[in-house]
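Report on the structure
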Amino acid sequence: MSRRLPTIAAIAAISLTAVGCTTTDALNGISDPMAGFTTVSMRSEAVTGSRPVWIQSSEEARAVTEQVKSLVRKKTIGPDIAVQVALLNNKGLQAAYAEVGLSSADVWQETLLVNPRMSIGATGIGGFTRTVETAIVSNILALATRERRVAIADARFRQAQLRAAEETLRLAADTRRAWIKAVAAWETVSYLNRAQAAADAASELAKKLGETGAFTKAGQAREHVFYAELSGQTAKARMAARMAKEELTRLMGLWGSDIDYQVPNALPNLPKGAKAKRAIEAEALKNRVDLDVAKLELEALARSYGLTEATRYVTDLELLSGVEVEQEKEDDGTTRTSAAGNVDLEFVIPIFDTGKARMRKAELAYMQAANLLAEKAVNIRSEARSAYDGYRSTYDIARHYRNNVVPLRTKIEEESLLTYNGMITNTFELLADTRAKIDSIMLSLDAKREFWLADVNLATAIHGGGGASSGGGEPVAAAADEGAGEH
């Protein structure tokens, strides 16, 4: 055993020197746990206005928790604050960021050389070791294709970064939509509360008039049922508002005492004019994150195709180097030791599998990705046009309700009230006009909500991600300055 150890160590040193080794400096920062997150942060912040955080330690987690608490302690939460809290506190987003780290580790793994395999054998007679064989096997093919494999892993790494940015943008857009829906729901509740108060007063008046005989029972019943129906409608609206706020709470990742935040009672007014988008298709093709992901998919498959072509005939090529040490005992009692080196090459003979099937599969995968990329480009152009049409149409509809329908209904109700007081109009006609006004205002509120949602969808169509944009940032943020409801 004392004779074999130096020999084995020498062989191992010679073999490792032959295949080389990769130092940490050559990894170009891939081993950094935060590798690639700068791209995610910059791409996301440019669209959402908020910087995401990838939590790596308990200290960072505590700091983020304190920051979230300071943000939700405010009386009202605007859309920008809601997005900021979601990007800091949503655990699903943190899980998505882990994919960046996993992909970074894959690149790191590909930059490392394949570990050589060592084998040791000994034969002897009568308890005396006669022959010691040592061998180190290195995968030559893995070394020859290392650069290609690293390039493929790097393309996948950049893809993972963009997918993480896409998830960030999707969460930001979903949070902003949830904020709009919650505020719109509470605005509906606020209006119905006011309408219900007026209906309650009318119901009480009808009751008193009925007691004096100045009001018919049918008239009293109409006033009472109007108030009862409004009460049911208000209760339904309040339930919908609570559900909408709960959805916003989930997206922001809040629980415990942090859920006691408030949102404004009304969405901001419509902007003075709609946005003009003359080159929206080109803007979408330039900025869509999912299109960039598809381009990287095509690049990775192209590189993979080259790797398949390079290894079409030989899928495993190994170099075996070793030393055989033989000991013989002479007649005079002395021991003679001799050593001989050997180098063997092992590879698979491509008799049955010539690699044609793998080449065909690689070609089809590449053509599939190319066609999907072309389809995505066509769809993105269409989505951009549709999003802008929806944005402009909802703006025109909301403005029409604001400028024409609601003022006319208000005027009709005012005139009906005057004629009712003059005993010209009966109770039924007055109630019909009041109901029509309430319905028109409810439609107006819905139209305003649809416009702000379309504003988010427009930015989504430009930046991508299936809900990947902040949208309507500054105008919607103005709502945070309005009065908050007690909810």
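The rules behind each value
- Along each chain, the written sequence defines residue order, and numbers are assigned to residues from 1.
- Side-chain atom pairs in this predicted model are given and counted only at pLDDT of 80 or more, local residue features only at pLDDT of at least 70, and totals for whole chains, interfaces and linings cover all residues.
- For side-chain calculations, the full set of non-hydrogen atoms in the structure is used, while hydrogens and water are omitted.
- Secondary structure elements are taken from DSSP: a helix is a run of H or I of four residues or more, a strand is a run of E of two residues or more, and numbering for both begins at the N terminus.
- All accessible-area figures derive from a Shrake-Rupley calculation using a 1.4 Å probe, and residue coverage is judged against the displayed protein chains alone.
- An axis is simply a line fitted to the C-alpha atoms; with a helix, the fit covers only the stretch in contact. Between two such axes, the angle follows the N-to-C directions and lies from 0 to 180 degrees.
- Throughout, the term roughly parallel applies to angles under 35 degrees, roughly antiparallel to angles over 145, roughly perpendicular to angles from 65 to 115, and oblique to all others.
- Here a crossing is taken to be left-handed if its near helix is turned anticlockwise relative to the far helix by less than a right angle, and right-handed if that turn runs clockwise.
- Contacts between residues were defined by any pair of non-hydrogen atoms, one from each residue, lying within 4.5 Å.
- Amino acid classes used here: Ala, Val, Leu, Ile, Met, Phe, Trp, Tyr, Cys and Pro are nonpolar; Asp, Glu, Lys and Arg are charged; the rest, including Gly, are polar.
- Each helix should span, by expectation, one fewer than its residue count multiplied by 1.5 Å.
- Each residue's exposure class comes from its accessible area (1.4 Å probe, protein chains only) as a fraction of the maximum for that residue type: buried when under 20%, exposed when over 50%, partly exposed otherwise.
- The arc in question is the one spanned by the directions pointing from the helix axis to the C-beta atoms.
- Criterion for a salt bridge: a side-chain nitrogen of Lys or Arg within 4 Å of a carboxyl oxygen of Asp or Glu.
- Nine residue types can take part in a nonpolar core, namely buried Ala, Val, Leu, Ile, Met, Phe, Trp, Tyr and Cys, and a core is a set of them joined through side-chain atoms within 4.5 Å.
- When the centres of two rings from Phe, Tyr and Trp lie within 6.5 Å, Trp using its six-membered ring, the rings pair. Their planes under 30 degrees apart give stacked, over 60 give edge-to-face, and anything left gives tilted.
- The predictor's confidence in any single residue is recorded as pLDDT, a number from 0 to 100.

This part covers the overall build of the chain. Across its full length, the chain carries 13 helices and four strands. With the model as given, the accessible surface of the chain reaches about 26300 Å², and the carbon-plus-sulfur share is 55%.

With that settled, consider the packing of helix α3 (residues 58–72) against helix α4 (residues 79–89). Put simply, α3 and α4 touch, their axes get as near as 10 Å, and they point 160° apart. As summarised for this structure, α3 and α4 are arranged roughly antiparallel, according to the angle between their axes. Handedness of the crossing formed by α3 with α4: left-handed. Contacts between α3 and α4 involve Val64, Gln67, Val68, Leu71 and Val72 on the former and, on the latter, Ile81, Gln84, Val85, Leu88 and Asn89. For the contact of α3 with α4, the per-class residue count stands at seven nonpolar, three polar and no charged.

Counted at 1.5 Å a residue, the expected span for α3 with its 15 residues is 21 Å, and the 21 Å between its end C-alpha atoms agrees. Among all positions of α3, only Val64, Val68, Leu71 and Val72 are buried. Each buried residue of α3 sits inside an arc of 85° when the element is viewed along its axis, so together they form one side. Summarising the contacts, the buried residues of α3 are in contact with α4.

Further remarks concern the pattern of salt bridges. This structure, assessed with the given rule, holds 24 salt bridges. The partner of Arg177 in a salt bridge is Asp174, with the nearest N and O atoms 3.0 Å apart. Taken together, the residues Arg177 and Asp174, both in helix α7 (residues 146–212) and three residues apart, mark about one turn of the helix. By relative accessible area, Arg177 is classed as buried at 15%. Among the charged side chains, a salt-bridge network with shared partners connects Asp154, Arg158, Glu299 and Arg303.

Core analysis: the biggest nonpolar cluster contains 82 residues, and Val85, Trp179, Leu248 and Met252 have the highest contact counts within it. Ranked by residue count, the leading element in this core is α7, at 19 residues. Apart from the residues lying within four places of it in its own chain, the contact partners of Met252 are Ile77, Ala82, Val85, Ala86, Asn89, Asn90, Thr175 and Tyr261. Val47, Leu162, Val293 and Leu296 belong to the second-largest nonpolar core, a separate cluster that totals six residues.

The next subject is the packing of aromatic side chains. Given two aromatic rings, their pairing is described by the distance between the two centres and the angle made by the two planes. Counted according to the given criterion, the structure contains six aromatic pairs. On the basis of an interplanar angle of 40° and a centroid distance of 5.4 Å, the ring pair of Tyr391 and Phe451 is categorised as tilted. With Tyr391 in helix α11 (residues 356–421) and Phe451 in helix α12 (residues 427–463), this pair connects stretches of sequence that are 60 residues apart. Residue classification places Tyr391 among the buried positions, given a relative accessible area of 1%.

Per-residue confidence for the chain averages 76 on the pLDDT scale, and 64% of its residues sit at or above 70. Mean pLDDT across the elements of the chain ranges from a minimum in helix α13 (residues 473–477), with 39, to a maximum in α4, with 93. In the model, residues 1–27 has pLDDT below 50 throughout and makes 29 contacts with residues more than four positions away in sequence or in other chains. Overall, residues 467–486 carries pLDDT values under 50, and its contacts beyond four positions in sequence, including any with other chains, amount to 66 contacts.

Right, let's talk about the environment of Ser382 for a bit. Considering the arrangement of structural elements, one finds Ser382 in helix α11. Overall, Ser382 belongs to the partly exposed group, its relative accessible area being 31%.

With 12 residues, helix α2 (residues 37–48) extends 16 Å between its outermost C-alpha atoms, agreeing within 8% with the 16 Å of an ideal straight helix rising 1.5 Å per residue. Listing the buried residues of α2 in full gives Phe37, Val40, Ser41, Ser44, Val47 and Thr48. Projected down its long axis, α2 shows its buried positions confined to an angular sector of 145°, all on one face. Exposed residues pointing more than 90 degrees away from the buried face of α2 are listed as Thr38, Met42 and Ala46. Taken from the residues just after α2, Gly49 is the one with a positive phi, measuring 80°.

What follows deals with the environment of Gln109. Take Gln109: it is sitting in helix α5 (residues 91–111). By relative accessible area, Gln109 is classed as exposed at 54%. C-alpha separation for the pair Gln109 and Ala153, spaced 44 residues apart in sequence, amounts to 9.2 Å.

Right, let's get into the environment of Glu297. Relative to the elements of secondary structure, Glu297 occurs in helix α10 (residues 289–310). Judged by its relative accessible area of 24%, Glu297 falls in the partly exposed class. Glu297 sits 72 residues away from Ala369 along the chain, and the two C-alpha atoms are 7.0 Å apart. When sequence neighbours within four positions are dropped, the list of residues in contact with Glu297 reads Arg156, Gln159, Arg163 and Ala369.

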